[in-house]
Amino acid sequence: MIYLDNAATTRVFDNAVQAAERAMTTDFFNPNATYKSAVFVNDNLENARKQIAAVVGARADELVFTSCATESNNWVFNNGIKNKNGNIVISAGEHSSVYECAMQLKSRGYDVRIAPLTRNGYVDLCKLEELVDKNTALVSIIHVSNETGVVNPIKQIVQTVRAKNEKTLIHSDGVQGMLKTTDGISGLGVDYYSASAHKLGAPKGIGLLYIRHGLNISPLLRGGGQEHGLRSGTQNIPYIMSFASAVKEFADSLANCAAANGLRRELCGYFGGKDGYKVIGEGPDNGFILCLCINGIKAEILQNVLHDRGVIIGKGAACSGSKRGNRVLAAMGLDARQIEGCVRLSFFVDTTKQDAMRAAEIINNSVQELRSKYVR
Ligand code: PLP
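These notes cover the structure that comes with them. (Residues numbered from 1 in each chain as written. Predicted model: local features only at pLDDT ≥ 70, side-chain atom pairs only at ≥ 80, totals over all residues. Heavy atoms only, no water.)

**Remarks on unusual backbone geometry**
Then comes step 1: Unlike most non-glycine residues, L179 shows phi in positive territory, near 70 degrees.
Then comes step 2: Assignment of secondary structure puts L179 in the loop between β6 (169–173) and α7 (185–188).
Then comes step 3: For E227, which is not glycine, the phi torsion reads 55 degrees and is therefore positive. (Helix = DSSP H or I, 4+ residues; strand = E, 2+ residues; numbered from the N terminus.)

**Considerations on empty space enclosed by the protein**
Then comes step 1: With the rule as written, the count across this model stands at two cavities of 30 Å³ or more.
Then comes step 2: If you add up the space inside the largest cavity, you get close to 50 Å³.
Then comes step 3: As for the largest cavity, its lining consists of V144, G149, V151, Q176, K180, D285, N286, G287, F288 and I289.
Then comes step 4: Residue classes in the lining of the largest cavity are distributed as four nonpolar, four polar and two charged.
Then comes step 5: By residue class, the composition of the lining of the second largest cavity is three nonpolar, five polar and no charged. (1 Å grid on protein atoms, 1.4 Å probe; cavity = no way out; pocket = protein on both sides within 12 Å on 5 of 7 lines; lining within 4 Å. Points joined across faces, edges and corners; volume = space filled by probe spheres on them. Nonpolar A, V, L, I, M, F, W, Y, C, P; charged D, E, K, R; others polar.)

**A word on the side chain of H143**
Then comes step 1: Tracing the backbone through its elements, the reader meets H143 in the loop between β5 (136–140) and α6 (154–164).
Then comes step 2: Among the residues examined, H143 registers a relative accessible area of 0% and is labelled buried.
Then comes step 3: When residues no more than four places from it in sequence are discounted, the contact partners of H143 are V150, V151, N152, I154, S172, D173, G174, G177, T181, D183, L188 and Y193. (Buried < 20%, exposed > 50% of the residue type's maximum accessible area, 1.4 Å probe, protein only. Contact = heavy atoms within 4.5 Å.)

**Some words on helix α2 (residues 36–56)**
Then comes step 1: An ideal rise of 1.5 Å per residue puts 30 Å on 21 residues; α2 measures up with 30 Å between its terminal C-alpha atoms.
Then comes step 2: Among the residues of α2, those classed as buried are A38, V41, N44, L45, A48, R49, I52, A53 and V56.
Then comes step 3: A positive phi of about 80 degrees marks G57, the residue just after α2. (Expected span 1.5 Å × (residues − 1).)

**So, the site of the ligand**
Then comes step 1: Taken together, the neighbourhood of the ligand is formed by 13 residues, with T70, D173, Q176, S196 and K199 sitting nearest.
Then comes step 2: With respect to the ligand, the backbone of A69 contributes an N or O atom lying 2.9 Å from an oxygen atom.
Then comes step 3: In the environment of the ligand, an oxygen atom lies 2.6 Å from a nitrogen or oxygen atom belonging to the side chain of T70.
Then comes step 4: In the shell around the ligand, the residues fall into four nonpolar, seven polar and two charged. (Near = heavy atom within 4 Å. Polar contact = N/O pair within 3.5 Å; in protein donor to acceptor, adjacent residues only side chain to side chain.)

**Points about the nonpolar core**
Then comes step 1: In this structure, M178, F243, F250, F271, L302 and I313 are the most contacted members of the largest nonpolar core, which totals 94 residues.
Then comes step 2: Tallying contributions element by element places helix α8 (residues 237–253) first for this core, with eight residues.
Then comes step 3: Excluding residues that lie within four positions of it along the chain, L302 makes contacts with I294, I297, I313, V343, I363, S366, V367 and L370. (Core = buried A, V, L, I, M, F, W, Y, C linked by side-chain atoms within 4.5 Å.)

**A closer look at the packing of helix α3 (residues 69–79) against helix α4 (residues 96–107)**
Then comes step 1: Running from N to C, α3 and α4 point in directions that differ by 25 degrees, and their axes come no closer than 9 Å. By the angle between their directions, the pair α3 and α4 is classed as roughly parallel. When you trace α3 past α4, the crossing you get is right-handed. Between α3, through T70, N73, N74 and F77, and α4, the contact on the second element is made entirely by S97, V98, C101, A102 and L105.
Then comes step 2: Tallied by class, residues from the contact of α3 with α4 come to five nonpolar, four polar and no charged. (Axes fitted to C-alpha atoms, helices over the stretch in contact; angles between N-to-C directions. Parallel < 35°, antiparallel > 145°, perpendicular 65-115°, else oblique. Left-handed = near helix turned anticlockwise from the far one by under 90°.)

**Here's the deal with the packing of aromatic side chains**
Then comes step 1: Inspection of the entire model under this criterion finds eight aromatic pairs.
Then comes step 2: Their ring planes at 50 degrees and their centres at 5.6 Å tell us that F250 and F348 sit as a pair that is tilted. Highlighted residues: F250 in helix α8 and F348 in the loop between β12 (342–346) and α13 (353–373), separated in sequence by 98 residues. The same class applies to F250 as to F348, namely buried.
Then comes step 3: A network of ring pairs unites the aromatic residues F13, F250, F288 and F348 as a single cluster.
Then comes step 4: Above the ring of Y270, the side-chain terminus of K274 is found at 4.3 Å from the ring centroid. (Phe/Tyr/Trp six-rings, centres within 6.5 Å; stacked < 30°, edge-to-face > 60°. Lys NZ or Arg CZ within 6 Å of the ring centre and 35° of its normal.)

**Let's talk about the pattern of salt bridges**
Then comes step 1: Summed over the entire model, instances satisfying the criterion amount to 16 salt bridges.
Then comes step 2: K155 is paired through a salt bridge with D183; the nearest N and O atoms lie 3.5 Å apart. One end of the pair, K155, is in helix α6; the other, D183, is in the loop between β6 and α7, and 28 residues separate them in sequence.
Then comes step 3: Take K155: its relative accessible area is 43%, and that puts it in the partly exposed class.
Then comes step 4: Here D183 falls in the partly exposed class, since its relative accessible area comes to 28%.
Then comes step 5: We note a salt bridge from K315 to E300, for which the minimum N-O separation is 4.0 Å. With K315 in the loop between β11 (311–313) and α11 (327–331) and E300 in helix α10 (residues 299–308), this pair connects stretches of sequence that are 15 residues apart. (Salt bridge = Lys/Arg side-chain N within 4 Å of Asp/Glu carboxyl O.)

**Considerations on the environment of T234**
Then comes step 1: As for its placement among the helices and strands, T234 is situated in the loop between β8 (207–211) and α8.
Then comes step 2: T234 gets classed as partly exposed once you look at its relative accessible area, which sits at 48%.
Then comes step 3: Every residue in contact with T234, bar those within four places of it in the chain, is listed here: N30, P31, N32 and Q226.

By themselves, these figures tell us nothing about what the structure is for.
Right under this line is the structure:
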């Protein structure tokens, strides 16, 4: 099986499985208890936080563990906005866990402004600049698009926003970006950054919110005061240990992995030389996601055919839902017919060039067969 849907989720690294298992069996104690075995678990928790912080470029006390990035994004929109009368700016390329939060605030009377995308899938920087004003409370721009892999220039966006309003808080959804670009989190200059472990070789159900040092956010959950008093509830130690292990392994594997070394470019070259394929979302530095619009096929049918032939690919965000079309691709100017033919190939550090190129051939052969069978 060649698995090319790593933007949806990844296989958990063996070491990360073992880290979780240890924390569920021998080191199962509650980190908030006071006896020695529990203190040992608490030390493990804080060491995991430090390890993740060092790898992702943040201070340990800036990271709060959450249950997923959806939770982190919701937290920012529900509790992280200081100027309650201010406007909110997001991009048309946001994941639904940001977009729906913004829509919820809009329904409560907030002025929510949406920066359009360029045809290549980047946030339109000029339009974004126009939308930010002296009353902008929050700007939230996705770091790497989960649909196209396009990497938004977050540092530049931060400078632009701050030049117009230094009080505006800036959030970035970093689920597909953390460790997949050369930027460390604090180097981006954002106030908030969300990430999810299951895109990096750790289990589903654990994520984090980066909160810039010195910034106050009101707690997400009140109770026993865990996570610096910001997210009460006994921490998910097994998954946090697994997260820390995976982040390190992911980072250590980057130098020698195909995705970080031109695999996407090669696939673009392969498909670009063939009839009826168009790369959606072009950019120089996006590496882990490739969105292709294929003429004359329906992505869902191709996906099923490929599954039976041992290749798993994606079809836009797993949570976009085919019934709802694809808001992000539509914002890039694709029509319904083009969107129907869009597939997403996404890679992990263990994706080899041989497997990816073999999958590309199987995809192309299957497309030719489908085209000859069905006329859409
Ligand atoms: N944001 C982006 C860009 C994503 O790709 C995803 C998941 O696919 C999420 C947020 C949600 O992450 P989680 O599954 O941890 O809630």
